[in-house]
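Okay, here's what each chain looks like letter by letter:
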Amino acid sequence: MSKITNEELLGSIKGKFEDGVTAISEPFGLLTLETSREKIIDLLTFLKTDAKLQFIYLTDLTGIHYPENEKPIGVIYHLHSLVNNVRIRIKVFMADDDVKIPTATVLWNGANWMERETYDFFGVEFEGHPDLRRILNVDDMTVFPMRREYPLEDPNRVDKRDYFFGR
Amino acid sequence: MRTHPVYTDNDPQTEYSTLNLGPTHPATHGVFQNVLTLDGERIVSGVSTIGYIHRAFEKIAEHRPFYQITPLTDRMNYCSSPINNMGWHMTVEKLLGIQMPKRVDYMRIIAMELARISDHIICNGVLGVDTGAFTGFLYMMKYREDIYEIYEEICGSRLTTNIGRIGGFERNFNPIAFEKTRKFLREFPKALKEFEALFNRNRIFIDRTRDVAAVSAEEALSYSWSGPLLRAAGVDYDVRAMEPYSSYEDFDFEVPVGSNGDVYNRFLVRNEEMWQSLRLIEQALNKIEKEPSDIFHADVPDYYLPPKEEVYNNMEALIYHFKIVMGEVPTPRTEVYHAVEGANGELGFYLVNDGGRTPYRLHFRRPSFINYQMYAPMSRGMLLSDAIINMSSLNVIAGELDA
C-alpha cells in the first residue's frame, strides 16, 4: 500500500519542525497533527516540495468549531501524496477574536474555493487570498452559519416547539 | 490551459458585452451562473456564482443521527446516488469498525458500478447534445432506464435511492434484480459500441472537442481535480485502485488515462470507464455465486436496523430499532476520513464524532465543487460555444456543487 510509514513521515516532519507540531495521533491510520498558523505555510510548503514526501495534492480544506476550547476555530487540511499513496491531516486552531490564517492559494490553486467556503461558513479570514468572498451563502449574510452557536432553524418559529410532539 | 494574450480587460479600442450564462440557461444543465464578458464570441473573463441550491447539508447533518444522513447524500450527486449512499455507509462502518461479508461488498460494487455507468451515460450523452448530436443521448437514455429498474428491484426507488443500510442491505437482491443485471450486461455493450461508433471517429465531433479546454496534469493537480477529468489529463489516480474499499482489490480492472485533458480525452476516458464498470459488474456477479446466498448484511445488531416484521412482533427488535433510529447506540470519539471514487471524482466524507447521537462535524469533499472552480479561469480566451461543451464535459452536478 503506502510506500512510507507514518513513523518515517513524522520523523521527517519532526526533523524540520522540532516542536512546531503537537497533538500527534493516528485515527484509522491517518497521521493527524496540529501546528500553529505561523508555521502552517512553511509546513505545507515542506510537505509539498520535499523530494521524498511529495504531498502535491490538496484533497480537502475545511473548518471546525469547538466553542468551549481556548482556541475554538480550526482549519483542517487533508493532503495526499499520490506518489507514496499516503495521506496526512493537519489542523490549525485560532482564538475567537483573531481568526486569521495565511492562505494556501500560494501553493494550490484549488485552495481558492475551499478557503472561500471555509470563510463563508466559519468566518476564517485567509490573509492574502485573491478573492475572499462568500461562495454558497448570499453576500449580505451577517453570520457564519456553521459555527455552533448558530441554530439550524429560526429560533423564533413557533410551529416546531418540542411540546407539540410530546418531547 | 491555453491562454490567448490578445484579449485584455482594459483595451480601450474594444467594446465588450456581458452575458449571463445561467442560472437557468438550458446549456448549463443545472442551476449555476457565469457572468461572462464577451468580445464578439470570445470570452474575455468570467465570474462564477454558485450556491443557488445550497441546502446546508453539513449543518443539517450535525442535527441528524447517522441513518438520517443517508437521504442527504442522495441529493448531492443525484445522477449516481448509490455511490454517495454507500460512501457514507462505509464511512460509518469504518468509524464503528464493522467488517463486511464479501458478498455484501460485491453487491455494493454492482450497485456502485451501475451508478457510475448511468452517470457517464448522462455526461457523454449530453456532451453529444451540446455538439449537435441528439441521437446518442436519446438512445443511451433507454439504458439508464434499465439501470433505474435494477435499483427499483434492489431498493424500491429510482433517482434518490437511499440504497442499503449501515452494515449491509435492507434486503437481499431478488432473482429479478440478478436477471435484470444480467440482461443489462448482455444488451448494453452493443449499445455502447454503437454509441462509440457514432462519436469516436466522427469528424464533426472531433473538430468540436479535440484540443478544446486542454488541461495539463500539473494544472489539474494544482486545482485538486479528481476522477475522469484528472485521468483525462494523464494522472492515473483512482481511489478504487489506490485505496481499495469494498473489496475492489479482488477485482481485475483497468484505469483508463488520457493524454492532454481536453474535452475529447474526457469523453474517451468516460466511455472506457463504462467498459471497465461492465467488467466489474460481470466479475461481481460471478463472485457472488460462490458466496452463501442468504448473506446480505453484517451481523451487527447494534447498528443494523432489524427487519420490519420483527420490529412489529418482537420486543427486542423494537428496542434495537428505536435505539438505532434515535442514535442511542454508543459510537467512538474519533475522526475518520473515507473517500470513494464517485462518478465525478474523489468523494470524501470527513466525520468528526464526539460520541453523541449526531456527528459533531461532517464535511463532504464534493468533487464537482472542487472541479468546477477552474471553469472561469480556463474559459478566458475561449469561444462561447467551446465553453458550453467544456462545461458539459466537466459534468458539474448542481446538487453536488452546492450541497
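Because the structure is a prediction, the values reported are computed rather than measured. (Residues numbered from 1 in each chain as written. Chains lettered and ligands numbered in written order. Predicted model: local features only at pLDDT ≥ 70, side-chain atom pairs only at ≥ 80, totals over all residues.)

Before going further, it helps to examine helix α6 (residues 175-199) of chain B. Residues and elements named next belong to chain B. Given a rise of 1.5 Å per residue, 25 residues ought to cover 36 Å, and the 36 Å separating the end C-alpha atoms of α6 matches this to within 8%. Within α6, burial applies to A177, K180, T181, F188, L192, F195 and F199. In this structure, the buried residues of α6 make contact with α4 (102-130), α5 (134-155), α7 (203-209) and α11 (263-289). (Helix = DSSP H or I, 4+ residues; strand = E, 2+ residues; numbered from the N terminus. Expected span 1.5 Å × (residues − 1). Buried ≥ 20, exposed ≤ 12 C-beta atoms within 10 Å, placed from the backbone. Contact = placed C-beta atoms within 7 Å.)

With that settled, the discussion passes to the interface of chain B and chain A. The parts lose accessible area when they come together, and the size of an interface is often stated as this lost area. Facing the 30 residues of chain B at the interface are 25 residues of chain A. Counting residues per element, the ones that place at least two in the side of chain B that touches chain A are α1 (57-61), α8 (217-222), β4 (335-341), β5 (346-352), β6 (361-365) and α14 (367-372) of chain B. In terms of residue count, the dominant contributor to the side of chain B that touches chain A is β5(B) (4 residues). Residue composition of the side of chain B that touches chain A, grouped by class: 13 nonpolar, 9 polar and 8 charged. (Nonpolar A, V, L, I, M, F, W, Y, C, P; charged D, E, K, R; others polar.)

Residue and element names in this part refer to chain B. Sheet architecture is open: 3 strands sit in the order β1-β2-β3, paired in antiparallel fashion. Across the chains shown, the open sheet's two edge strands, defined by having one partner strand only, are β1 (17-21) and β3 (42-49). Across the sheet, the mean angle from the axis of one strand to that of its neighbour is 20 degrees, orientation sign disregarded. The sheet contact formed by strand β2 (residues 33-39) and β3 spans 7 bridges and is antiparallel. (Pairing = 2+ DSSP bridges. Axes fitted to C-alpha atoms, helices over the stretch in contact; angles between N-to-C directions.)

Each pair of packed helices can be summarised by the angle the axes make with each other and by the distance between the axes. All names here are of chain B. Two elements in contact, helix α3 (residues 81-96) and α4, have axes separated by 7 Å at closest approach and are oriented at 140 degrees. Looking at the two axes, α3 sits oblique to α4. Note on element contacts: α4 touches α3 through R108, A111, M112, A115 and R116, opposite S81, P82, I83 and M86. The residue makeup of the contact of α3 with α4, split by class, is 6 nonpolar, 1 polar and 2 charged. (Parallel < 35°, antiparallel > 145°, perpendicular 65-115°, else oblique.)

Residues and elements named next belong to chain B. Among the nonpolar cores identified, the biggest contains 145 residues, and A111 and A220 are the most heavily contacted of them. Sort the elements by how many residues they give to this core and α4 lands first, with 14 residues. Apart from residues no more than four positions distant in its own chain, A111 is found in contact with P82, M86, I154 and I163. (Core = buried A, V, L, I, M, F, W, Y, C linked by C-beta atoms within 7 Å.)

Further remarks concern the sheet that holds β4(B). Residues and elements named next belong to chain B. Taken in spatial order, the 3 strands make up an open sheet running β4-β5-β6, and their pairing is antiparallel. Where the open sheet ends on each side, the last strands, each with one partner, are β4 and β6. Geometrically, the sheet is characterised by an average inter-axis angle of 10 degrees between neighbouring strands, direction not taken into account. Bridging between β4 and β5 involves 7 bridges; their strand directions are antiparallel. By the bridge assignment for β5, Y337 is matched with Y350. On the sheet, α3 packs against β4 and β5 and is oriented at approximately 150 degrees with respect to β4.

From the geometry alone we can't say anything about function, so treat these as descriptive.
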